[in-house]
Amino acid sequence: MSAAPSSSSRPSVTEREARQVAEAARDQDWRKPSFAKELFLGRFRLDLVHPHPTPPTEDVQRGEEFLAKLRDFCETKVDAARIEREAKIPDEVINGLKELGALGMKIDTKYGGLGLTQVYYNKALALAGSACPAIGVLLSAHQSIGVPQPLKLFGTTEQKEQFLPRCARTDISAFLLTEPDVGSDPARLATSAVPDGDDYVLDGVKLWTTNGVVADLLVVMARVPKSEGHKGGITAFVVETNSPGVTVENRNAFMGLRGIENGVTRFHQVRVPAAHRIGPEGAGLKIALTTLNTGRLSLPASCVAAGKWCLKIAREWTAAREQWGKPIAQHEAVGAKISFIAATTFAMEAVLDLSSQMADEDRNDIRIEGALAKLFASEQAWLVADELVQIRGGRGFETAESLAARGERAVPAEQVLRDLRINRIFEGSTEIMHLLIAREAVDAHLSVAGDLIDPDKSLQDKAKAAGNAGVFYAKWLPKLVAGQGQLPCAYGEFNNAVDLSPHLRYIERTARKLARSTFYAMSRWQGRMETKQGFLGRIVDIGAELFAMSAVCVRAELLRSQGENGREAYQLADVFCRQSRIRIDELFGRLWTNTDDLDRKVVKGVLGGAYTWLEEGIVDPSGEGPWIADATPGPSEKENLHRPIG
């Protein structure tokens, strides 16, 4: 058997090699239409989202029945204050969730699961997360990215029959990709899986393993060395946590989500049967990225729950609190915040429900929509919670426990702010989401003209690419000049009491403007485009706002057609679109008028020590130790903190 790799065997890769690894993991085919992709290309395909898709009656009935049971459980069995205080979800709560079937919400009924749709799975996560965000994370990490989802998409029949019934009722799972020195750059993944007969032998250390402390089953990403009969590459495995050599070395603690069971897991000479490998060797990253396409929708669910709660508290508090002779809600400075909270919560739910229903129907490719939903909701929910804290004033900064101790309602506004902060980092930080979405958004351009800016391509390849690009742009560019957005009566079906049609015309015009801006930037910077991360981030943020505007309009019309608060939905959609248009116009201005170049100069100066004088006059309270912990493979020297829930 091969020896375990030393710390010096950690892959050393160039920036270009890292990009190639990420590119190879992408799903490079577009077999189904994508509303968001078309939006970035300047084509407003309203027909792909309107009329708003709706779920079958039987799915609604099954989902509502479970939500009723889950609500009763959350109201009677979950003590959120205790979980926050003890930084732990009680075993009896987790066991209660198991008995309820909550571990199997997304698992097919033939494997003992509930078989809920993505829409109702998200509603359940929102409900559970509103009772206690740590519970929402437990259920989400288990089903959205843990063992059930990759097996559902890539597992063999035998693997599904072996593991899914366990995941549906008894076994908690976790997803292990990140390492102490590897985050969004998986090309440097160091955990190894060395073939040995009918097994693989795992060695390495994984960081931030959500659910890892209590998990029974793990999805582990490890690098298989290339050898005779083995393609090698980053590969996915199902690993039993109680296998010899698996050690949970630390339970991590965070500023928020204090009840989550997140740890550091070490593998030393852990034998994993080849039958537990998910997919072929080298397919691990593709499996991970594909799993996240829909798995990311669990984060917007928690954001929607937080938005709804913030709206409730803002409404109740601002009606009760008086200043200068009237409720503070009637003061314009506070009222503007309430309007933002209400409109943005409506938008987050609209984006989530539309993306989820599209995922259920499986008619569209939603890789961009899912990423946009995560990006938009995580950023906006943080702002919503921050506004609630501001509205609550000193009480917003005070803990719920302290409020209760002095006789006031225990409103955990500061906790919600802390709990939400991680969503801008979880499952792809905002910065990484910008780059990921930007890559997909410009895919059509790179597919026809990418060879023109690839330094490794021959002159013959570049000449061929130039010809293909000429044909593509000759057809595409003229279509960006005019469209329905310039017709005064376009989208007239959205004129009901409140007229939303001007917003839809704005979306159509702005999508074309966005596509023109992207093309101009590609022509201007060519191969350097990928380094213009500030520009790309603003392009993506504009696309996210346009997607959200589209979602709120079609949702408002759906609610109107169903007779469910249609007038109010139209009002919220109108307010959100007006607020969004202001943000979009600002983003367009910042595409070309910004401090990006100056920022790079300042960064160079900071790193070169030019401004160390600015750091004088403080005391650094940080403790001693390395910036990144040692992750050299080898036997564990720590107590195993694995705590299976019996």
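Just so it is clear, the structure is predicted and the values come from calculations on it, not from any experiment.

Cut-offs and rules
- Residues numbered from 1 in each chain as written.
- Predicted model: local features only at pLDDT ≥ 70, side-chain atom pairs only at ≥ 80, totals over all residues.
- Heavy atoms only, no water.
- Helix = DSSP H or I, 4+ residues; strand = E, 2+ residues; numbered from the N terminus.
- Buried < 20%, exposed > 50% of the residue type's maximum accessible area, 1.4 Å probe, protein only.
- Areas by Shrake-Rupley, 256 points an atom, 1.4 Å probe, with all protein chains shown as cover.
- Lys, Arg positive; Asp, Glu negative; His and termini not counted.
- Charge placed at Lys NZ, Arg CZ, Asp CG, Glu CD.
- Salt bridge = Lys/Arg side-chain N within 4 Å of Asp/Glu carboxyl O.
- 1 Å grid on protein atoms, 1.4 Å probe; cavity = no way out; pocket = protein on both sides within 12 Å on 5 of 7 lines; lining within 4 Å.
- Points joined across faces, edges and corners; volume = space filled by probe spheres on them.
- Nonpolar A, V, L, I, M, F, W, Y, C, P; charged D, E, K, R; others polar.
- Pairing = 2+ DSSP bridges.
- Disulfide = S-S within 2.5 Å.
- Axes fitted to C-alpha atoms, helices over the stretch in contact; angles between N-to-C directions.
- Parallel < 35°, antiparallel > 145°, perpendicular 65-115°, else oblique.
- Left-handed = near helix turned anticlockwise from the far one by under 90°.
- Contact = heavy atoms within 4.5 Å.
- Patch = residues over 30% accessible without salt bridge, like charges linked within 9 Å, V, L, I, M, F, W, Y side chains within 5 Å.
- pLDDT = per-residue confidence, 0-100.
- Phe/Tyr/Trp six-rings, centres within 6.5 Å; stacked < 30°, edge-to-face > 60°.
- Lys NZ or Arg CZ within 6 Å of the ring centre and 35° of its normal.

> Before we move on, could you go through the overall build of the protein chain and cite the residues and values that matter?
When helices and strands are tallied, the protein chain shows 23 helices and 12 strands. A principal-axis box enclosing the C-alpha atoms of the protein chain has dimensions of 75 × 75 × 65 Å. Of all 646 residues assigned to the protein chain, the portion counted as buried reaches 53%. Carbon and sulfur atoms make up 53% of the accessible area of the protein chain, which totals about 29,300 Å². Across the protein chain, the mean location of the 79 positive side-chain charges is 5 Å away from that of the 84 negative side-chain charges.

> Outline the pattern of salt bridges, listing residues and values.
Side chains that carry opposite charge are capable of pairing whenever their charged atoms lie near each other. Scanning all chains against the criterion turns up 41 salt bridges. In this structure, Glu261 and Arg251 form a salt bridge, with 2.6 Å as the shortest nitrogen-oxygen distance. Residue Glu261 is located in the loop between strand 6 (246-251) and strand 7 (262-273), and its partner Arg251 is located in strand 6; the two are separated by 10 residues in the primary sequence. Among the residues examined, Glu261 registers a relative accessible area of 5% and is labelled buried. Overlapping salt bridges, with partners in common, bring together Glu84, Arg258, Glu414 and Arg418 in one network.

> Let's hear about empty space enclosed by the protein: which residues, and what values?
What the rule picks out here adds up to 3 cavities of 30 Å³ or more. Volume-wise, the largest cavity comes out at about 50 Å³. Lining the largest cavity are Ala80, Ile83, Glu84, Cys132, Pro133, Ala134, Leu257, Arg258, Gly259, Gln415 and Asp419. Secondary-structure elements contributing two or more residues to the lining of the largest cavity are helix 4 (80-86), helix 7 (133-145) and helix 16 (413-421).

> Hey, could you go over the layout of surface pockets for me, with residue numbers and the actual values?
Approximately 940 Å³ is the volume attributed to the second largest pocket. The wall of the second largest pocket is formed by 33 residues, among which Gln149, Leu153, Thr294, Ala359 and Asp362 lie closest to the centre. Looking at the lining of the second largest pocket, the elements that each hand over two or more residues are helix 8 (148-154), helix 9 (157-169), helix 10 (284-295) and helix 12 (332-361). Sorting elements by how many residues they give to the lining of the second largest pocket places helix 8 first, with 5 residues. The residue inventory of the lining of the second largest pocket, partitioned by class, reads 10 nonpolar, 10 polar and 13 charged.

> If you had to explain the pairing of strand 4 (residues 217-224) to someone new, which residues and values would you point to?
With respect to burial, strand 4 is a largely interior element, 7 of its 8 residues being buried. Note that strand 1 (residues 173-176) and strand 4 share 4 bridges and pair parallel. Note on strand 4: the bridge partner recorded for Phe175 is Val219. For strand 4 and strand 5 (residues 233-240), the ladder comprises 8 bridges, and the chain directions are antiparallel. Looking across to strand 5, one finds that Val219 is bridged to Val238.

> How would you explain the state of the cysteines if you had to name every residue and give the values?
Throughout the structure, instances matching the rule amount to 0 disulfides. This cysteine, Cys310, is not joined by any disulfide, and Cys303 carries the nearest cysteine sulfur, 10 Å off. Relative accessible area serves as the criterion here: at 0%, Cys310 is assigned to the buried category. Between Cys489, a cysteine without a disulfide, and Cys553, which holds the nearest cysteine sulfur, the sulfur-to-sulfur distance is 17 Å.

> Please set out unusual backbone geometry residue by residue, giving values where relevant.
Residues His50 and Pro51 are joined by a peptide bond in cis, for which omega reads 0°. Mapped onto the elements, Pro51 comes out in the loop between helix 2 (35-40) and helix 3 (57-77). Here Gln269, not a glycine, exhibits a phi torsion of approximately 55°, which is positive. Along the chain, the position of Gln269 falls in strand 7.

> Residue-level account of the packing of helix 11 (residues 298-320) against helix 16, with values.
Two elements in contact, helix 11 and helix 16, have axes separated by 11 Å at closest approach and are oriented at 160°. Taken together, helix 11 and helix 16 sit at an angle that is classed as roughly antiparallel. Along this stretch, helix 11 crosses helix 16, giving a crossing that reads as left-handed. Every residue of helix 16 that contacts helix 11 at Cys303, Ala306, Trp309 and Cys310 is listed here: Ala413, Val416 and Leu420. A breakdown of the residues in the contact of helix 11 with helix 16 according to their chemical character gives 7 nonpolar, no polar and no charged.

> Give a description of the pairing of strand 5 that names residues and reports values.
Taken across its 8 residues, strand 5 has 7 buried, putting it largely inside the fold. Both strand 5 and strand 8 (residues 277-278) contribute to a ladder of 2 bridges, which runs antiparallel. Paired with Phe237 across the two strands is Arg277, which belongs to strand 8.

> Please provide a residue-by-residue account of a nonpolar patch on the surface, values included.
A cluster of nonpolar side chains, contributed by Val602, Val603, Val606, Leu607, Tyr611, Trp613 and Leu614, occupies part of the molecular surface with about 730 Å² of accessible area. Relative to the helices and strands, Val603 resides in helix 23 (residues 596-607). Accessibility expressed as a relative area gives 46% for Val603, which makes it partly exposed.

> Please provide a residue-by-residue account of the environment of Thr178, values included.
Mapped onto the elements, Thr178 comes out in the loop between strand 1 and strand 2 (192-196). Taking relative accessible area as the criterion, Thr178 reaches 21% and is therefore assigned partly exposed. For the pair formed by Thr178 and Thr209, sequence separation is 31 residues and the distance between their alpha carbons is 7.9 Å. Those residues in contact with Thr178 that lie beyond four places of it in its chain are Gly183, Lys206, Leu207 and Trp208.

> Could you give me a rundown of the packing of helix 13 (residues 367-392) against helix 21 (residues 533-561), with the residues and numbers involved?
With their axes 10 Å apart at the nearest point, helix 13 and helix 21 run at an angle of 95° to one another. Taken together, helix 13 and helix 21 sit at an angle that is classed as roughly perpendicular. Residues Glu369, Leu372, Leu375, Phe376 and Gln380 of helix 13 touch helix 21, and the partners they reach there are Val540, Asp541, Gly543, Ala544, Glu545, Phe547 and Ala548. Considering only residue class, the contact of helix 13 with helix 21 consists of 7 nonpolar, 2 polar and 3 charged.

> Break down the confidence of the model for the protein chain for me, with residues and values.
For the protein chain, per-residue confidence averages 93 on the pLDDT scale, and 95% of positions sit at 70 or higher. With pLDDT under 50 throughout, residues 1-8 is counted as low confidence; its partners more than four residues away or in other chains account for 13 contacts.

> Residue-level account of the packing of aromatic side chains, with values.
Working definition: an aromatic ring pair is given by the centre-to-centre distance plus the angle between the planes. Scanning the entire structure with this criterion turns up 14 aromatic pairs. Relative to Phe547, the ring of Phe35 lies with its centre 6.1 Å away and its plane at 45°, an arrangement referred to as tilted. With Phe35 in helix 2 and Phe547 in helix 21, this residue pair connects regions lying 512 residues apart in the sequence. A relative accessible area of 1% places Phe547 in the buried class. Relative to Trp592, the ring of Trp525 has its centre 6.1 Å away and its plane inclined at 35°; by these criteria the two rings are tilted. Separated by 67 residues along the polypeptide, Trp525 in helix 20 (residues 501-525) and Trp592 in helix 22 (residues 566-592) bring together distant segments of the chain. Among the aromatic residues, those joined into a cluster by ring pairs are Phe35, Phe44, Tyr491 and Phe547. Sitting above the plane of the Trp382 ring, Arg421 keeps its charged end 5.4 Å from the centroid. In this structure, Lys513 packs its charged tip against the face of Phe588, placed 4.3 Å from the ring centre.

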